[in-house]
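These are the residues of each chain, in order.
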Amino acid sequence: MKRRAAATVVVLVAAGLIGSGTGSPAAAAPVDHIANGTFETGTSPWWASGTTLAVRDGRLCVDVPGGTANPWDVSIGHNGIPLVDGAAYTLTFTADATVDTTVNANVQLNAAPYTTVFSTQATTGGQPATHTFTSDLTAADGTFTLQLGGKPDPYTFCLDDVSLTSDGELDPEQIENGDFGDGTAGWYSYGTTSTAVDAGRLCSDVPGGLANPWDGGVGQNDVRLTAGASYTLSFDASTDPPATVRVAVQLGADPYTGYFSRDLAMTAAGDHYEFTFTAPDDTPAGQVAFQVGANATAYRFCLDNVSLRGGEAEPPYVPDTGPRVRVNQVGYLPDGPKRATLVTDATTALPWQLKNSAGAVLRSGTTTPRGTDAASGQNVHTIDFTAYAAQAENLTLTADGETSHPFDVTKTLYDRLRSDSLQFFYIQRSGIAIDGDLVGAAYARPAGHLGVAPNQGDTDVPCQPGVCDYRLDARGGWYDAGDHGKYVVNGGIATAQLLSAYERTKTAPTAGFGAALGDGTLRVPERGNNVPDILDEARWELEWLLRMQVPAGKPLAGMAHHKLHDQNWTGLPLAPQADPQPRELHPPSTAATLNLAAAAAQGARLWAPYDAAFAGRALTAARTAYAAAKAHPAVYASPNDGNGGGAYSDDDVTDEFYWAAAELYLTTGAAAYRTDLEASPHHTGDVFTATGFSWGGTAALGRLDLATVPNGLPKADQTRIRASVTAAADAYLATAAGQAYGLPMPGGPGAYFWGANSNIINNAVVLATAYDLTSQARYRTGAVEAMDYILGRNALNQSYVTGWGENAAENQHSRIFANQLDPALPHPPAGSIAGGANASLDDPFAKQLLDGCEPMFCYVDDINSYATNEVAINWNSALAWIASFLADQSAPATVSCRVVYSNYGTWEGGAGFTGQLDITNTGSAPVNGWTARFAFTGDQRLREAWLAQASQAGAVLTARNEAHNARIQPGATVMFGFNATQSSSYANPAPGLVTVNGSRCSS
């Protein structure tokens, strides 16, 4: 029989993402299937119908109205009861009521036909009752219900001490999420026009005319089967109108060996089905498939309570953590910190050795015991080999009988990580074909979401019903994460961090005024246009942000739509160009509008030297957006708007107001924006939290730019702002010193959350900025060492960046990079960072696999774990910023100098100004020949200069000595002057950095 190729199987997702089917472990007798039967943790997971649950005096109580017609009109209950044919159960509970009465207590199926396996009339005298019964059917999701209605008078009913145990060991369950309580997590679909959870059931719309049963289907992969074991497959299913569905259990890969198959004539009324079979083979790659093709007429197929019990339990997951000596698997900078962590039972110091590739000992010493690390639960020691500063490859550390993964010590350690982390964004682009000649054939693909079938496109996108009466051309931008959605609040921070990585080159003495980020440094289609490639890449997203603005003349004009994505969740893997879902604009929000204002204002000042028209358009959009946000300051994204894409709700936008006001002030110098930012509580408040900034807390973005971008704030205010950055950096250093793995993040579960790797890096960004401001080595040390955690010095011995390290993540959650599901597809490109350890275990795959994990262990490199292992643009933007900083760390120049920059005012009605730079040699040796550099902040353009040979590239002005003033004696001063044109749109502050012969000069 022909069977469907594995490469085309699509796995569905819930809440943006996915889970996968690996069975639950076998339960030893007796097993209690009731959670929270004593109600010590509130009412969850109990439910009520016709009344409201409350815990009173430690009991679950409800007020029952009188006069209802049927007992089931008022009910309470507990779902998720596994029922196994032939298994014995014991039910106990205590029921009490304000009147003497009886109620119906049932254990039954939780879906039509609601077959009852046990029923009794329970009294309410407050005495414990015990009942035993044997189930005569198998179902994944039974329910225990108490039917309280049908009484003439109102009363209060209370319940306590509920237990429902099964005697004897239940056969292991091999299906995950068979009741679809976690949405479509773990289930695939193909050949249908839509698949989603509807009223608790998984329903697919199946087109008519599919030639073969296997031309469309719903199912679950990675089902574990054991040769010779007996299995019971049960489920509830219906088709409307009637149709024939083939259910099969088979090998989930070629040659698709069949183990069980039935053709079932189904009806709209539905039925419960149950079959037993014996598996002939051992495989971890079985498949339960509902093949829905070969029907002439289109129909709707619905499925629920899928269970496959039998065989062996999935063995407990134990991560392979490799050698107990944990290092940065990429390596260390010669003049940077070099520390590793040893996991050991020893409580006293141990000897260690640093060896080269030939086994020769280069350094040795003893470890420093650190005790139990709170984040990992491990007893650990620190190995410090900072004193080794020579460049070398393939070094290892040995201690306590263990040898680390190999690593390098080299000055150019992070050069390629800068380009790799930035290259990620081009490959995530929407609306453009990805050129395999630029990034490799494996990543080549046609343009996605341009309206070419089966796409419905982003070129003419309607709003959700009832939201607006217009359509937008919202093509372009970056796909946000593992799905095909595009979100303004994620796009805002990601764009800002790429822009800031470039803007840093104008103010940081180690950044060389941006040569390493210039034109031709990235593999992007725009290379060769005399614009820094990183600005080209940021523009791709910024152009999309501008397209998300509500048009003039429409309600909420000037605001930004919060997001754009598919109407329903799509499957995985799924190439962008193959996405068939309708696309929708979601309502505007104040948060999105301020993200647009901030990113567009920043982009305008950086693009002004390269494309005045685009910069002007961006600045106009930023001003318009900011005014619209002030007019509508409390329009929040709904936390319930999460079908087809994440909600990204945020009901505190004071931080976005501060960030946007800061960027508009820095760009324009306008007094109104300065007034707003000075009035913000964030302007003098602490914006740097212990767990870092992210898309939902953006005040730190404004503070960092106010600290580094030249501006017209009073000197005392600038000093205070910069001091707040160094104070935060000092706090992060203190945190890192208390962490045995050296990261600037607290050690409790609350510090390990969805996407925490980006927050860890953002704390390192603060440390790096403090170094740029002060040149104090301790801040550089902290920023450098934070990356050790990201690149392997952690409890899992796991590098979180694809292609970087001996044991690097490569199965991040993504529809595009889904090699784990389809070997014909690529892994994520080198430089893609995973979200990282997440103690909340917010996806079912991680929850099932890692429940009870210590915070740093709450991660798995599996495509099914979206909450620990997704990619995202705002995580890679943090990585790109810090990678650029790290790549810039080279030996500083040694010229000692002081400069005075003078602006003598405007001329020609403000169309230009005259400036002068005085350079004093504060060293003890003459300067023989000098080159001075500084950068403008807007659209200033050099017209002519005197007493120097001057030129301008982008924003950077370079002045070289004339023959007569090349020599600057100690204590002597030379000067040059210049005229420059400008517009009134941009601020014109004194430069924040002036270098002479590459060395930062004081001012």
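As the structure is a prediction and not an experimental result, all values here were calculated from the model.

Caption draft 1: Layout of the overall build of the protein. Secondary structure summary: the protein contains 16 helices and 49 strands in total. Its C-alpha atoms give the protein a radius of gyration of 32 Å, near enough to 30 Å, the size a compact globule of 1003 residues would have. Oriented by its inertia axes, the alpha-carbon framework of the protein measures out at about 105 × 75 × 65 Å. Out of the 1003 residues belonging to the protein, those deemed buried represent 58%. The long-range fraction of contacts in the protein, counting pairs at least 24 apart against all pairs at least 6 apart in sequence, stands at 73%. Of the roughly 34,500 Å² that the protein leaves accessible, carbon and sulfur atoms contribute 50%.

Caption draft 2: Structural context of the side chain of Thr 507. Inspection of the secondary structure puts Thr 507 in the loop between helix 3 (488-503) and helix 4 (533-547). The residues contacting Thr 507, other than those within four sequence positions of it, are Thr 708, Pro 710, Leu 993 and Arg 1000.

Caption draft 3: Quick peek at the state of the cysteines. Applying the stated criterion across every chain, the model contains five disulfides. Shown here is the disulfide that connects Cys 61 with Cys 158, its sulfur atoms set 2.1 Å apart. Between Cys 61 and Cys 158, the disulfide has an S-S torsion of 115° and is therefore right-handed. Taken as a pair, Cys 61 in strand 4 (residues 59-64) and Cys 158 in strand 11 (residues 155-167) lie far apart in primary sequence, 97 residues in all.

Caption draft 4: Region of the structure containing the sheet that holds strand 45 (residues 956-960). One open sheet holds the five strands; their spatial order is 44-45-42-48-49, and the pairing between them is antiparallel. Only two strands of the sheet have a single neighbouring strand rather than two, namely strand 44 (949-953) and strand 49 (999-1000).

Caption draft 5: Representation of the packing of helix 11 (residues 715-737) against helix 12 (residues 756-774). Their axes nearest at 9 Å, the elements helix 11 and helix 12 cross at an angle of 125°. Classified by the interaxial angle, the pair formed by helix 11 and helix 12 is oblique. For the pair helix 11 and helix 12, the sense of crossing is left-handed. Two secondary-structure elements touch here, helix 11 through Arg 722, Val 725, Thr 726, Ala 728, Ala 729, Tyr 732 and Leu 733 and helix 12 through Asn 763, Val 766, Leu 767, Thr 769, Ala 770, Leu 773 and Thr 774.

Caption draft 6: Summary view of unusual backbone geometry. For the peptide bond that leads from Ser 44 to Pro 45, omega is 5°, which places it in the cis range. Between Asp 240 and the following residue, Pro 241, the backbone shows a cis peptide bond with an omega angle of 0°. For Pro 241, the position within the fold is in the loop between strand 16 (230-240) and strand 17 (243-251). One non-glycine residue, Ala 294, lies in positive phi territory at about 70°. Topologically, Ala 294 is positioned in the loop between strand 20 (283-291) and strand 21 (299-310).

Caption draft 7: Quick look at the sheet that holds strand 13 (residues 194-198). The antiparallel open sheet is built from five strands, whose spatial order is 13-14-21-16-19. Each of the sheet's edge strands pairs with one partner strand only, and the pair in question is strand 13 and strand 19 (271-278). For this sheet the average axis-to-axis angle between neighbouring strands, irrespective of direction, equals 30°. Where strand 13 and strand 14 (residues 201-206) come together, five bridges link them in antiparallel fashion. Pairing of Asp 198 across the sheet is with Arg 201, part of strand 14.

Caption draft 8: Summary view of the side chain of Thr 101. Position of Thr 101 relative to the elements: it lies in the loop between strand 6 (88-97) and strand 7 (102-109). Under the relative-accessibility criterion, Thr 101 is labelled buried at 18%. Leaving out residues up to four positions away in the same chain, Thr 101 has contacts with Ala 122, Thr 123, Thr 124, Lys 151 and Tyr 155.

Caption draft 9: Inspection of the pairing of strand 11 at higher detail. Among the 13 residues that make up strand 11, 11 are buried, leaving the element largely enclosed by the rest of the structure. By the bridge criterion, two bridges tie strand 1 (residues 31-32) to strand 11 in an arrangement that is antiparallel. Looking across to strand 11, one finds that Val 31 is bridged to Ser 166. Across five bridges, strand 4 lies against strand 11 in antiparallel orientation. Paired with Val 62 across the strands is Phe 157, a residue of strand 11.

Caption draft 10: Expanded view of helix 4. Between its first and last C-alpha, helix 4 extends 22 Å over 15 residues, near the 21 Å set by a 1.5 Å rise per residue. Taking the largest bend as the criterion, helix 4 deviates by roughly 25°, centred on Arg 539. Buried residues dominate helix 4, accounting for 13 of its 15 residues.

Caption draft 11: Layout of the packing of aromatic side chains. The final tally for this structure, using the stated rule, is 41 aromatic pairs. Arranged with centres 5.1 Å apart and planes meeting at 50°, the rings of Phe 180 and Trp 187 form a pair that is tilted. Ring pairs connect the aromatic residues Tyr 231, Phe 235, Phe 260, Tyr 273, Phe 275, Phe 277, Phe 290 and Phe 301, which therefore count as one cluster. The lysine or arginine in question, Arg 539, covers the ring of Trp 607, its NZ or CZ lying 4.8 Å from the ring centre.

Caption draft 12: Broad picture of the environment of Ala 557. As for its placement among the helices and strands, Ala 557 is situated in the loop between helix 4 and strand 35 (560-561). Accessibility expressed as a relative area gives 33% for Ala 557, which makes it partly exposed. When the C-alpha positions of Ala 557 and Pro 588 are compared, they lie 9.6 Å apart, and in sequence the two are 31 residues distant. With residues near it in sequence (within four places) discarded, Ala 557 still touches Val 550, Pro 551, Ala 552 and Ala 628.

Rules of the game
- Residues numbered from 1 in each chain as written.
- Predicted model: local features only at pLDDT ≥ 70, side-chain atom pairs only at ≥ 80, totals over all residues.
- Heavy atoms only, no water.
- Helix = DSSP H or I, 4+ residues; strand = E, 2+ residues; numbered from the N terminus.
- Rg over C-alpha atoms; globule rule 2.2 N^0.38 Å.
- Buried < 20%, exposed > 50% of the residue type's maximum accessible area, 1.4 Å probe, protein only.
- Contact = heavy atoms within 4.5 Å.
- Areas by Shrake-Rupley, 256 points an atom, 1.4 Å probe, with all protein chains shown as cover.
- Disulfide = S-S within 2.5 Å.
- Pairing = 2+ DSSP bridges.
- Axes fitted to C-alpha atoms, helices over the stretch in contact; angles between N-to-C directions.
- Parallel < 35°, antiparallel > 145°, perpendicular 65-115°, else oblique.
- Left-handed = near helix turned anticlockwise from the far one by under 90°.
- Expected span 1.5 Å × (residues − 1).
- Bend = angle between axes of the 7 residues up to and from the residue.
- Phe/Tyr/Trp six-rings, centres within 6.5 Å; stacked < 30°, edge-to-face > 60°.
- Lys NZ or Arg CZ within 6 Å of the ring centre and 35° of its normal.

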